Amino acid sequence: MEVAHRSPFACWFSSMLFCFGGAILAGIMLAEPPVAPLSNTASVLLASVVWYLVVYSPQDLVYSIASIAPVRLVLTGMKEVTRTWKVLGGVVQAQRKYDGLLVMIAVGWAKGAGGGLMSNFEQLVRGIWKPETNELLKMTYPTKITLIGAVLFALQQNHYLPLEKHHLMLIYTVFIVSNKIRMMLTGSSSSPFAHMESAIYHTLFARPAAYSPMAEEHSQPGVKPQPATDSSNGSTSTDTNSSLSNESKNGLTKAKTQDQGEVKDVANKKTD
């Protein structure tokens, strides 16, 4: 909200990037004008009006209404339905120019989750730089589910998946809407694919922690590892030091006693 009051234009521009980021990113990937999605004046005006009402309405009235649980559920369902159309539109748009499966998946993914994939650039517009929030480093649930949808629709368009397009759209939409509503009602943010992702990672990409040749090669030259300190050796050295200190104290005490005895003898001789 600080950006909204300090620079309304930066706030509006970042909001438009988040709304039309998928279409802009897909256009860049297909060598099309990135400003083409903004040519739809009605969509831009509608997004601008919603942005203004949410950010600048008196006492955040519109935001408070949108935060009510039933309203949020309806808006979330509408958003997930729109995601299906965006992913399918990106896959079909890529298929018109290229017949490559990977290109279709990439463009469908970008068009369906472009707002998240462009989050770092959108943060720069607001004066924030957080590279650790990159979606490729730590994917959120919307980005993951959009990637899965892009893969499914690309396989269906290339006739590798024995399903009709409208059947796949129905199955995919029902799944993402029901799962998103479940996450909202239960307050859970964990992905339903967490166990499968963990199994794939540990099977294909995890390496044993006992020995790593790459870590050995990248270690600093000239720096020798320090041997582990044995508890028994440490106790022995402590005992040795303590015994030496006791012996030195006893020697000093004996020397002082002898000196005192000699002084007494000399005094007695003088008296005699």
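Keep in mind that what you see is a predicted model, and the values were worked out from it rather than measured.

1. Some details on the pattern of salt bridges
- This structure, assessed with the given rule, holds three salt bridges.
- Ionic pairing is found between lysine 97 and glutamate 32, a salt bridge with its closest N-O pair at 3.4 Å. Residue lysine 97 is found in helix 5 (residues 69–97), and its partner glutamate 32 is found in the loop between helix 2 (8–29) and helix 3 (41–56); the two are separated by 65 residues along the sequence.
- Looking at lysine 97, the relative accessible area reads 44%, which means it is partly exposed.
- Between glutamate 80 and arginine 83 there is a salt bridge, with the nearest N and O atoms lying 3.1 Å from each other. Taken together, the residues glutamate 80 and arginine 83, both in helix 5 and three residues apart, mark about one turn of the helix. Neither residue differs from the other here; glutamate 80 and arginine 83 are each classed as buried.

2. Details of a nonpolar patch on the surface
- Judged by side-chain polarity, Leu61, Ile65, Ile68, Val71, Val74, Leu75 and Met78 come together as a nonpolar surface patch covering roughly 620 Å² of accessible area.
- For the nonpolar patch, the secondary-structure elements that each account for two or more residues are helix 4 (61–66) and helix 5.
- Top contributing element to the nonpolar patch by residue count: helix 5, with four residues.
- As for its placement among the helices and strands, valine 74 is situated in helix 5.

3. Regarding the packing of aromatic side chains
- Per the stated rule, a full pass over the model turns up six aromatic pairs.
- Ring centres of phenylalanine 9 and phenylalanine 13 lie 6.2 Å apart, and the angle between their planes is 20°; this geometry places the pair in the stacked category. Linking phenylalanine 9 with phenylalanine 13, this pair stays in helix 2, spanning four residues, or about one helical turn.
- Accessibility expressed as a relative area gives 58% for phenylalanine 9, which makes it exposed.
- Consider the rings of phenylalanine 153 and tyrosine 172, whose centres lie 5.6 Å apart with planes at 80°: the pair is edge-to-face. Of the two residues, phenylalanine 153 sits in helix 8 (residues 141–157) while tyrosine 172 sits in helix 9 (residues 165–186), which places them 19 residues apart along the sequence.

4. A look at the packing of helix 5 against helix 9
- Orientation of helix 5 relative to helix 9, taken along the N-to-C sense of each, is 145°, at an axis distance of 9 Å. The two elements helix 5 and helix 9 cross, and the hand of that crossing is right-handed. Along the contact surface, helix 5 presents Arg72, Leu73, Thr76, Gly77, Glu80, Val81, Arg83, Thr84, Trp85 and Leu88, while helix 9 presents Lys165, Met169, Tyr172, Thr173, Ile176, Val177, Lys180, Ile181, Met184 and Leu185.
- Residues belonging to the contact of helix 5 with helix 9 are distributed by class as follows: 11 nonpolar, four polar and five charged.

5. Quick word on the environment of glutamate 122
- Relative to the helices and strands, glutamate 122 resides in helix 7 (residues 119–125).
- Residue glutamate 122 is classed as buried on the basis of its relative accessible area of 13%.
- Measuring from C-alpha to C-alpha, the distance between glutamate 122 and methionine 16 comes to 9.4 Å, with 106 residues separating the pair along the chain.
- Discounting residues that sit within four places of it in the chain, glutamate 122 has contacts with Ser14 and Leu17.

6. What to know about helix 5
- The terminal C-alpha atoms of helix 5 lie 43 Å apart, and with 29 residues this matches the ideal 42 Å at 1.5 Å per residue to within 8%.
- Those residues of helix 5 lying buried are Thr76, Gly77, Glu80, Arg83, Thr84, Val87, Leu88, Gly90, Val91, Gln93 and Ala94.
- Looking at the buried positions of helix 5, the neighbouring elements they touch are helix 6 (101–117), helix 8 and helix 9.

7. What to know about the side chain of serine 119
- Looking at the secondary structure, you find serine 119 in helix 7.
- A polar atom in the side chain of serine 119 sits 2.9 Å from the backbone oxygen of glycine 116.
- Among residues more than four places away in sequence, those in contact with serine 119 are Thr133 and Glu135.

The rules behind the values
- Residues numbered from 1 in each chain as written.
- Predicted model: local features only at pLDDT ≥ 70, side-chain atom pairs only at ≥ 80, totals over all residues.
- Heavy atoms only, no water.
- Salt bridge = Lys/Arg side-chain N within 4 Å of Asp/Glu carboxyl O.
- Helix = DSSP H or I, 4+ residues; strand = E, 2+ residues; numbered from the N terminus.
- Buried < 20%, exposed > 50% of the residue type's maximum accessible area, 1.4 Å probe, protein only.
- Patch = residues over 30% accessible without salt bridge, like charges linked within 9 Å, V, L, I, M, F, W, Y side chains within 5 Å.
- Areas by Shrake-Rupley, 256 points an atom, 1.4 Å probe, with all protein chains shown as cover.
- Phe/Tyr/Trp six-rings, centres within 6.5 Å; stacked < 30°, edge-to-face > 60°.
- Axes fitted to C-alpha atoms, helices over the stretch in contact; angles between N-to-C directions.
- Left-handed = near helix turned anticlockwise from the far one by under 90°.
- Contact = heavy atoms within 4.5 Å.
- Nonpolar A, V, L, I, M, F, W, Y, C, P; charged D, E, K, R; others polar.
- Expected span 1.5 Å × (residues − 1).
- Polar contact = N/O pair within 3.5 Å; in protein donor to acceptor, adjacent residues only side chain to side chain.

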